[in-house]
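Here are the chains, one letter per residue:
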Amino acid sequence: MRVIENQIAETTHSPTKELLRDVHTAIINIAPERAAEFHKKFDSFTIEYLDDDEFIANVRNESKHIKLSTGAMELLWVLAYVHFQYYYKILQKIGCETETEVRGEQLAQIQPAIELLEWVMNRHLKLLEWKQNGGTKPERNLWPEKLPSPLSSKNDEDDEAVASEFTRGAVAALIHHELAHIALGHSGKSEIDPEKDADAHSWDWILGSNNTGGDAAELKRILMLIHAALVGVAVDIRLNRNTLIGHPRNIDRLANLLGRFDLDSNDLAYAFCLTILQFHTGFTAHSFRTPGVEYASFHKAFEAIADHISKFETQTE
């Protein structure tokens, strides 16, 4: 795979610059056992890195061209950093076996992550508004100084390094979805059924259908797929709506992903998704709280919050 990095080589100030340079290998390494098959099908593709705040992660079959922006990497990195800080620094300490209210003083433990989240979400929502309504494109909004970033990482096990690893994995998952359209012979504008087929094809490429594994490497892969899916859901929650325009709703895609594999009803994947969705709804008027309700499993609790989100207004055009 040929790499073009002319737009980021010297000009970008994004701390995700170094991560971008590894993405072409991450696309292969997310499923290393299929590397030979990947090279046979997609080795002629070119990946181009763009220095742009917009979320760009797309593939053009005709020109065999993949485009990926610093804006996409930044949104993915911040969400990975926030999600893992929240889950491991707060939820694992106070427990999520029963519904737990996370108080302000507990969130203060991850205040820099919350500040990063507000920065990247506000920027992303402004860009979405601009793309929908036109007008002048918002000015560049660079990474806030003195807040955590990929460059803050001191070793391979700290939160910044984990966020970087999962960002690469999520980008690989997004690109594999686009490559799945090519493998399946899809063309033309997006439609619901082909998008579902591309989802399933890319998930099976990365993890294998009905494969729960149980070891750390396979858990990491499914969490990377989950991270890619959670980005769209997190944005929808902030907008208090679901979108059904050429693609399945994001909350349905997340549920379909979890249902694709033979997961135990109390699998970590369900617990992680449940708590992260609760975290994001907590920033809106649609906070998900069910005092006194006990769920039989994390799977059932996830289904309850997914149903809650699915009732948001659905935008169809």
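Anything mentioned here points back to the structure above.
What about the environment of L174?
- Relative to the assigned elements, L174 resides in helix α7 (residues 159-183).
- Exposure remark for L174: the relative accessible area of 25% places this residue in the partly exposed category.
- Considered as a pair, L174 and N58 are 116 residues apart in the sequence and their alpha carbons are 8.3 Å apart.
- Not counting chain neighbours up to four residues away, the residues in contact with L174 comprise F55, L76 and A228.

Some words on the pairing of strand β4 (residues 65-69)
- Within β4, four of the five residues are buried, which leaves it mostly tucked inside the rest of the structure.
- Pairing of strand β2 (residues 46-50) with β4, which is carried by five bridges, proceeds in the parallel orientation. Of the residues in β4, the one forming a bridge with E48 is K67.
- Alignment of strand β3 (residues 57-60) against β4, held across four bridges, turns out to be antiparallel. Looking across to β4, one finds that V59 is bridged to I66.
- Between the end of β3 and the start of β4, which pair antiparallel, lie four residues, with K64 showing a positive phi angle near 50°.

Side note on the packing of aromatic side chains
- Applying the stated criterion across every chain yields a total of 13 aromatic pairs.
- Relative to Y88, the ring of Y87 lies with its centre 5.1 Å away and its plane at 80°, an arrangement referred to as edge-to-face.
- Residue classification places Y87 among the buried residues on the basis of a relative accessible area of 5%.
- Here the aromatic rings of W119 and W143 are separated by 5.3 Å at their centres, their planes lie at 55°, and the arrangement is tilted.

Conventions we followed
- Along each chain, residues carry numbers from 1 onward, in the same order as the chain's sequence is written.
- pLDDT decides what is reported in this predicted model: residues at 70 or higher carry local features, side-chain atom pairs at 80 or more are listed and counted, and totals for whole chains, interfaces and linings draw on all residues regardless.
- Side-chain numbers here rest on the full set of heavy atoms in the structure, without hydrogens or water.
- Helix and strand definitions here come from DSSP, where helices need a minimum of 4 consecutive H or I residues and strands a minimum of 2 consecutive E residues; each element is numbered from the N-terminal end.
- Each residue is assigned to one of three classes by its accessible area relative to the maximum for its type, calculated with a 1.4 Å probe on protein chains only: buried under 20%, partly exposed between the two thresholds, exposed over 50%.
- Working rule for contacts: check all heavy atoms of both residues, and any pair within 4.5 Å makes them a contact.
- Paired strands, in this sense, are two strands between which DSSP finds at least two bridges.
- Note on ring pairs: Phe, Tyr and Trp rings are taken, using the six-membered ring of Trp, and paired if centres are within 6.5 Å. Classes follow the plane angle, with under 30 degrees stacked, over 60 edge-to-face and the rest tilted.

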